Each structure stands twice: as C-alpha cells, then as structure tokens.
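The chain contents come next:
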Amino acid sequence: MSENLGLVRSIYADWERGDYGSVEWAHPEIEYVILRAAGLPPVHARGLTEMRDAARDNIEVWAQLRIAAEEYRELDSERVLVLDDVSGRGKRSGLQIGQFGGGSAHLFYVRGGTVTRLVVYEDRDSALADLGLKE
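Just so we're clear, the structure is a prediction, and the values are computed from it rather than from any experiment.

A word on the overall build of the protein. The secondary structure content of the protein amounts to 3 helices and 6 strands. Each helix (α) and strand (β) of the protein, taken in turn from the N terminus, gives the series α-β-β-α-β-β-β-β-α. The buried share among the 135 residues of the protein stands at 36%. When contacts within the protein are restricted to residue pairs at least 6 apart in sequence, those whose partners lie at least 24 apart make up 53%. Total accessible area computed for the protein in this model is approximately 7700 Å², and 48% of it derives from carbon and sulfur atoms.

The next subject is the pattern of salt bridges. For side chains of opposite charge, pairing can occur when their charged atoms come near one another. The tally for this structure, following the rule as stated, stands at 8 salt bridges. The residue Arg46 makes a salt bridge to Glu31 at a minimum N-O spacing of 4.0 Å. Of this pair, Arg46 sits in strand 2 (residues 43–46) while Glu31 sits in strand 1 (residues 26–35); the two residues are 15 residues apart in sequence, bridging distant segments of the chain. The class for Glu31 is partly exposed, based on a relative accessible area of 22%. Arg124 is the partner of Glu70 in a salt bridge, and the nearest nitrogen-oxygen pair spans 2.7 Å.

Next up on the list: the pairing of strand 1. Across 6 bridges, strand 1 lies against strand 6 (residues 114–121) in parallel orientation. Bridged to Tyr32 within strand 6 is Leu118. Pairing of strand 1 with strand 2 involves 4 bridges; the strand directions are antiparallel. Of the residues in strand 2, the one forming a bridge with Val33 is His44.

As a further point, take the packing of aromatic side chains. Under the defined criterion, the tally for this structure stands at 5 aromatic pairs. When the ring centre of Tyr72 is taken as origin, the NZ or CZ atom of Arg9, which lies over that ring, is 4.2 Å away.

Basis of the calculations
Residues numbered from 1 in each chain as written. Predicted model: local features only at pLDDT ≥ 70, side-chain atom pairs only at ≥ 80, totals over all residues. Heavy atoms only, no water. Helix = DSSP H or I, 4+ residues; strand = E, 2+ residues; numbered from the N terminus. Buried < 20%, exposed > 50% of the residue type's maximum accessible area, 1.4 Å probe, protein only. Contact = heavy atoms within 4.5 Å. Areas by Shrake-Rupley, 256 points an atom, 1.4 Å probe, with all protein chains shown as cover. Salt bridge = Lys/Arg side-chain N within 4 Å of Asp/Glu carboxyl O. Pairing = 2+ DSSP bridges. Phe/Tyr/Trp six-rings, centres within 6.5 Å; stacked < 30°, edge-to-face > 60°. Lys NZ or Arg CZ within 6 Å of the ring centre and 35° of its normal.

Here it is, written out as structure tokens:
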C-alpha cells in the first residue's frame, strides 16, 4: 500500500467512527471543495479554518450521519478517489441522504504526506464522469 493510500485510509477510519475533528492530515492551505448535488452551488474554502467551517456547516444539517468507504482507487501518484456510502437524515427536511442518488465520492490530492486539496462529490456519478472513470 502506498503512503498516500495509507493516509486516506486513516482519515476514513476516523470518519467511519464519527470523528471528523482531526485535521492533522490537511495542509495548512488546503483547498476544500464541495460539489453539491441537485444543482446547488458548490462550496469553496481555503485553509484549515475555512475547511472546518464549511465541513461543519455541511455536516450539521444531518442527523445520524455516517460515512463508509466502499472502494479506494489510487488514480496516480498524487490522487486517491474514495467511493463511499453516506447515510443520515436531514434534521429539518427528514429526507434521507442517498434518497436521490447512488453514493458520493471524495477525491484527495496528496503531496508531501498531507492532503493539499479535497473535492467532495455529493453525486458519485459526477465524480466518475469528471475523472473519465466507470463504476
């Protein structure tokens, strides 16, 4: 297993336990992007504080949020794609995550042992299409 893949697996190990607090893995100037589903505008953040705020805002609207990696794909020497299953229920809407789609994906850009860019795709099919990949 490569160092990059090992790093991403360790991040997911925390997330799968519901621990989203650690950012030791992130570069101080990380670029964080959430490409939202259903035509909602994307979220862009730069740096640890902005990433924490954006992630918190995204997470806090869900009750019983759970994330689990389904598949790890090392795309090249700097990118790791994780196809994941996310579950939870909207606190206000009551809608279930995944009710309208087939999973999500996280694309990690890793350089020098830290994540320099993280792109969250709320729609897995969009991630695969953007990267020219298949399920």
